[in-house]
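Observations on chain architecture
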Amino acid sequence: MPTSTGMPLLMTYLSVLTWAIFIAYAMLIVTLIVAVLSENRNPLKALGWVMALLLFPIGGAILYFVFGRSMRNVKMISRRNRRKLLNAESHRPMPKLSKNLSAENRQRIMLGYSVAEALVYPDNTIEVANDGQSMFDSLFADLRTATKYINLQFYIIANDFLGRELAKILIDRAHAGVKIRVIYDYVGSFGSHSLKLFNRLRAHGVEVHSFFRIQFPEKLGRLNWRNHRKAVIIDGRIGYIGGINVAQRYIDGGQFGGWRDMAVRITGPGVAALQHNFAIDWKFMGNELLTDEAADITPIPGSISNVPVQIIASGPTNRWGNTHMLFIKAISGAKRRIFIQTPYFLPSEGLLTALQCAALAGIDVRVMMPRRSDSAVLTNASSSYIEESLLAGIKIYLYEAGMLHGKVLLVDDDFVTLGSTNFDYRSFEHNFEENIVMYSHDVNAEIERLFRADMNDCTQVKLSEWHRRPTMSKARESLCRLLSPIL
């Protein structure tokens, strides 16, 4: 037992230790608050983090380390390496724009170039796939023809029938001497089953890397940053980009019974832009700089030709929020119509205001989303935006034939973009995303045709009926909406 002299000393020691821990912790909270304020964020977001740190110090600090930190000052690639990549491309500087482009599209192209260094590439051939089956039938056929290299990245690569079929093709091509590189997202493809698939690929000479590997606790902050891109480059002559992941449910619909999605196959000069963005991701993971894989710019005959395209990459490291700015610019410049397909409708305040202004000005604004998505929280959060959209005259369509996972923005008759970007906070602020922008009447007409066909599987929401939904539903929607900035 402690002596009568030792007891006061022990108590004094514990008191000093307690105060030291308290002071250190208080300094940590103050430091985090200073960091939040110094980033000059949106005032509402900054206030939210400050209040969380003050009212819930332990939980607030953990949430900040996981969800709150900014990557705005992170460089994905050095200026020297960026110059090397640019010099490796055969289409620098920006080509002269066609006189056939509208004034609005010229401004959108200039915006993409200013914020994302995205060139416009003329004379591409485009083929649109509006479901997983047609996309993978085409992709697998093209993969089997590869003779030089395959660069492939997906948010999800599942170890199911479809994933194993892809692995079989990649292993066969690797044995034939084709250089194959695969990027997957650690969170999106998390699980021991996918790890077995990746280890099998590595055992056969395929280079496989996760974009961010989460390690507890030192790299837990990576959890909020995800590479959501879906793109494939084959020998520099064929490219794929869209919203479709490698998982069987993208073909058979899984629990939804049906799965609507969209992707495009591109041949021509624009494939070089896909390769450029893949090379940046590859270097960012600490791999070699890919400068010796030139693109074959000759378009392969297809369904829609002579299409000018831009490839817009965006992510949390970007200064301007590339895709978010492009969407605002495209919507605010609309003259006749705006059609949107998205699995989750959680617009920023700026985007919602732009859509409301357009609808109130008489423009035909239509938003299509699933009745039930693959996330109950996101479904409820999306539903919370329906009433204020309807009040402005925005037409809302709920897709009833399964999961609607397509990510499309169509404006007027000559602008359409699709890719990995959802109409939500996560895609605009936290994810690494990639979209193709097509300045073409023919592509626009094809996407419009598919959109209108999907309307046959939708229920249009009426304001009077929406008001009558249960009070508990409204409460759930409001609660989920509070979480929307970090969902």
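Please refer to the structure higher up on the page.
These numbers were taken from a predicted model, which means no experiment stands behind them.

Quick word on the side chain of N277
Its location among the elements puts N277 in helix α10 (residues 271-284). Classification of N277 by relative accessible area gives buried; the value is 10%.

Topic: the packing of helix α5 (residues 103-116) against helix α11 (residues 322-332)
Two elements in contact, α5 and α11, have axes separated by 10 Å at closest approach and are oriented at 165°. Accordingly, the angle class assigned to the pair α5 and α11 is roughly antiparallel. Crossing hand, α5 versus α11: right-handed. On α11, the residues that touch Q107, R108, L111, V115 and A116 of α5 are N322, M325, L326, K329 and A330.

A word on helix α6 (residues 132-143)
An ideal rise of 1.5 Å per residue puts 16 Å on twelve residues; α6 measures up with 16 Å between its terminal C-alpha atoms. When α6 is considered as a whole, its buried residues turn out to be G132, M135, F136, L139, F140, D142 and L143. Buried residues of α6 fall within an arc of 160° about the axis and therefore sit on the same side. Where α6 starts, the residue carrying a side-chain oxygen 3.0 Å from the main-chain nitrogen of Q133 turns out to be D131.

Re a positive patch on the surface
On the surface, K75, R79, R80, R83, K84 and R319 cluster together into a patch of positive charge. Looking at the secondary structure, you find K84 in helix α4 (residues 79-88).

With respect to the environment of N456
Tracing the sequence through the fold places N456 in the loop between α16 (441-455) and β18 (458-460). In the structure, N456 is positioned 59 residues away from Y397 in sequence and 10.0 Å away in space, judged by C-alpha atoms.

A few points about the nonpolar core
Soluble globular proteins tend to bury their nonpolar side chains together. Formed by 86 residues in total, the largest nonpolar core has its most connected members in L139 and I338. Looking at this core, the element that brings in the most residues is helix α7 (residues 161-175), giving seven residues. In terms of nonpolar packing, the next biggest core, distinct from the first, is built from 48 residues, I126, L274, I304 and V309 among them.

Considering the pairing of strand β15 (residues 408-411)
Here β15 shows no split at all, with V408 and L410 on one side and L409 and V411 on the other all buried. Alignment of strand β11 (residues 337-341) against β15, held across four bridges, turns out to be antiparallel. The residue bridging I340 from the neighbouring strand is L409, located in β15. For β15 and strand β16 (residues 415-419), the ladder comprises four bridges, and the chain directions are antiparallel. Within β16, the position partnered with V408 by the bridge is L418. From the end of β15 to the start of β16, which pair antiparallel, there are three residues, and D412 there has a positive phi angle of about 55°.

Thoughts on helix α12 (residues 349-360)
Across its twelve residues, α12 extends 16 Å between first and last C-alpha, which sits within 8% of the 16 Å expected from 1.5 Å per residue. Turning to α12, its buried residues number three or more, namely L351, L352, A354, L355, Q356, A358 and A359. In the stretch just after α12, G362 is the one whose phi turns positive, near 95°.

What counts and what doesn't
- Residues numbered from 1 in each chain as written.
- Predicted model: local features only at pLDDT ≥ 70, side-chain atom pairs only at ≥ 80, totals over all residues.
- Heavy atoms only, no water.
- Helix = DSSP H or I, 4+ residues; strand = E, 2+ residues; numbered from the N terminus.
- Buried < 20%, exposed > 50% of the residue type's maximum accessible area, 1.4 Å probe, protein only.
- Axes fitted to C-alpha atoms, helices over the stretch in contact; angles between N-to-C directions.
- Parallel < 35°, antiparallel > 145°, perpendicular 65-115°, else oblique.
- Left-handed = near helix turned anticlockwise from the far one by under 90°.
- Contact = heavy atoms within 4.5 Å.
- Expected span 1.5 Å × (residues − 1).
- Arc of directions from axis to C-beta.
- Polar contact = N/O pair within 3.5 Å; in protein donor to acceptor, adjacent residues only side chain to side chain.
- Patch = residues over 30% accessible without salt bridge, like charges linked within 9 Å, V, L, I, M, F, W, Y side chains within 5 Å.
- Areas by Shrake-Rupley, 256 points an atom, 1.4 Å probe, with all protein chains shown as cover.
- Salt bridge = Lys/Arg side-chain N within 4 Å of Asp/Glu carboxyl O.
- Lys, Arg positive; Asp, Glu negative; His and termini not counted.
- Charge placed at Lys NZ, Arg CZ, Asp CG, Glu CD.
- Core = buried A, V, L, I, M, F, W, Y, C linked by side-chain atoms within 4.5 Å.
- Pairing = 2+ DSSP bridges.

Nothing here speaks to function; it is geometry throughout.
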